[in-house]
Amino acid sequence: MSVLAPDTVNLVDPELYATGDPYPVFRRMRDNNPVSWHEPTEYPGFWSVTRYDDIRTVYNDARVFSSARGILLRPLGHGRDPGGGRTLALTDPPHHKALRTLVADWFTTRSVRALEDAMREAVRAVLARAAALGTCDFVTDIAARLPLYVICRLMGVPAHEQEMLFTLTSRAFGAGEPETRSIAHQEIMAYFVELMYRRMDEPADDLVSALVNGEVDGELLAEEDVLLNCDNLLVGGTENVRLAVAGGMLTFLERPADWERLRTDRTLMPTAIEEVLRWTSTATHIMRTVTEPVLLGGRRLEPGDRVVLWTPSANRDERHFENPDAFDIARRPNRHLALGAGEHFCLGAMMTRTEMRILFEELLDSTHRIERTGPAVPLRSIVVNGLESLPVRITTT
């Protein structure tokens, strides 16, 4: 590849996100070379895209920029993502639309509203437990629990099995040793094998039954495809809310005037949620693969080229956001890309916003005081942007 990177910063170094500040790097790239070649490291080489307009262009053209070969960078030697061409997140039209249709009814406005009372009850129980503990980790003890409860309910996981699944997901998607995470992930998949067979014999009104018994192009999904989509739904239904709520809470703790402003003026809640989504930008990168020659940002890309979209950079692009490095809970307009765009706009966007609203409302209504008891620890990851832990003390009125 003849095009040299204009910046020597290694964008796939997790330390840049765990202990550094990537935003000046992204700003320099947006200004000087918004579509630039990133040389291979432990990951294959790729085109790095940092401007909002270019990233939206990629999102909006699923034909030229394919998801089917994977949406995340994988280390050299790991091969293609096993979910490629088989899961909601890793398929292109028309197969993507057919899969999406199987499960879309569970994420409509009507379905989400029907869950609101149950969500609020779950949050109150979580907050009561956290207050009883005195000190807790906001990430694992609060932010992680509501989205897992919701997706478990939608997938038909019985109530008495949800705590076990919570423990496994905490291990699988946390910051522990790779071997520990891998074993926990295998146990999650083994659980869904069992649940899948249960739903084959006894279908219910849930997502797993829909995947097991629904047809795509006139055929039932293969068992492996059902399991891969269960995994996809579990991760997609939990990670974004957990990271956004935790990152948002840290931001409010650092800016207590904004928290009090939201407490006294609830009409700001919708714009505050959008600003938290923009500010946290929980998907650090999303990848696409080029299917035909195309120009992007003045660069010629060839079939097979990987294109990496840096979401946090798009959501701080000065060309689209006034004073983008300021946190503004009244920001309008706020057309961020935290939930994607185009064919792959987040299926659970309505659910995500509702979960965030209920969590923040209950925290504001029931909490007398939230204070940090230790430093926030960021995740060491190039995949997701967020916190590993946030120790707090919660007292309620």
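Values in this document were obtained by computation on a predicted structure and should not be read as measured data.

Notes on unusual backbone geometry
Phase 1: Omega for the bond connecting P93 with P94 falls within 30 degrees of zero, at 5°, which places this linkage in the cis form.
Phase 2: Here P94 is to be found in the loop between β3 (65–66) and α4 (95–103).
Phase 3: With an omega dihedral of -10°, the bond running from R332 to P333 counts as a cis peptide bond.
Phase 4: By the element assignment, P333 lies in the loop between α14 (311–314) and α15 (349–366).
Phase 5: Residue S281 is not a glycine yet carries a positive backbone phi of 40°.
Phase 6: Along the chain, S281 turns up in the loop between α13 (269–280) and β7 (285–290).
Phase 7: Of the residues examined, S281 reaches a relative accessible area of 1% and is grouped as buried.
Phase 8: Backbone geometry places N323, a non-glycine residue, at a positive phi of 50°.
Phase 9: Looking at where N323 falls in the secondary structure, it is placed in the loop between α14 and α15.

Some thoughts on the packing of aromatic side chains
Phase 1: For the coordinates displayed, the defined rule picks out eleven aromatic pairs.
Phase 2: A ring pair is formed by F252 and W259, whose centres lie 5.0 Å apart and whose planes are at 50°; its orientation type is tilted. Of the two residues, F252 and W259, neither departs from the other in class, the shared state being buried.
Phase 3: Its guanidinium or amino end placed over the ring of Y23, R316 lies 3.9 Å from that ring's centre, counting from NZ or CZ.

What about the layout of surface pockets?
Phase 1: Put simply, the second largest pocket is a space of about 580 Å³.
Phase 2: As for the second largest pocket, its lining consists of 26 residues, and the residues nearest its centre are Y23, L250, P378, N385 and L387.
Phase 3: If you list the elements that add at least two residues to the lining of the second largest pocket, you get α1 (15–18), α2 (23–32), α11 (223–254) and α13.
Phase 4: Tallying contributions element by element places α11 first for the lining of the second largest pocket, with five residues.
Phase 5: Residue composition of the lining of the second largest pocket, grouped by class: 14 nonpolar, eight polar and four charged.

Some details on the sheet that holds strand β4 (residues 135–137)
Phase 1: Strand order in the open sheet formed by three strands is β4-β14-β11, and the pairing between neighbours is antiparallel. The two strands at the open ends of the sheet, each matched to only one other strand, are β4 and β11 (367–372). Neighbour-to-neighbour, the strand axes of the sheet open up by a mean angle of 35°, direction not taken into account.
Phase 2: Judged from the three bridges that link them, β4 and strand β14 (residues 391–396) form a sheet pairing that is antiparallel.

Points about the packing of α11 against α13
Phase 1: Here α11 crosses α13 at 100°, and the two axes come no closer than 9 Å. It follows that α11 is roughly perpendicular to α13 by the angle criterion. Across the interface between the two elements, N240, A244, G247, G248, T251 and F252 from α11 touch V276, L277, W279 and T280 from α13.
Phase 2: Residue classes in the contact of α11 with α13 are distributed as five nonpolar, five polar and no charged.

Comments concerning the pairing of β14
Phase 1: Inspection of the sheet shows β11 paired to β14 by five bridges, in the antiparallel sense. In the sheet register, I370 faces β14, and the bridge partner there is I394.

Some remarks on the sheet that holds strand β1 (residues 35–38)
Phase 1: The strand order across the open sheet built from five strands is β1-β2-β10-β7-β3, with neighbouring strands paired in mixed fashion. Only two strands of the sheet have a single neighbouring strand rather than two, namely β1 and β3.
Phase 2: Of the strand pairs in this sheet, strand β2 (residues 46–49) and strand β10 (residues 306–310) are connected by three bridges, and their pairing is parallel. Along β10, the bridge assignment pairs S48 with V308.
Phase 3: Running at roughly 125° to β10, helix α3 (residues 52–59) makes contact with β1, β2, β3, β7 and β10 of the sheet.

Conventions adopted
- Residues numbered from 1 in each chain as written.
- Predicted model: local features only at pLDDT ≥ 70, side-chain atom pairs only at ≥ 80, totals over all residues.
- Heavy atoms only, no water.
- Helix = DSSP H or I, 4+ residues; strand = E, 2+ residues; numbered from the N terminus.
- Buried < 20%, exposed > 50% of the residue type's maximum accessible area, 1.4 Å probe, protein only.
- Phe/Tyr/Trp six-rings, centres within 6.5 Å; stacked < 30°, edge-to-face > 60°.
- Lys NZ or Arg CZ within 6 Å of the ring centre and 35° of its normal.
- 1 Å grid on protein atoms, 1.4 Å probe; cavity = no way out; pocket = protein on both sides within 12 Å on 5 of 7 lines; lining within 4 Å.
- Points joined across faces, edges and corners; volume = space filled by probe spheres on them.
- Nonpolar A, V, L, I, M, F, W, Y, C, P; charged D, E, K, R; others polar.
- Pairing = 2+ DSSP bridges.
- Axes fitted to C-alpha atoms, helices over the stretch in contact; angles between N-to-C directions.
- Parallel < 35°, antiparallel > 145°, perpendicular 65-115°, else oblique.
- Contact = heavy atoms within 4.5 Å.

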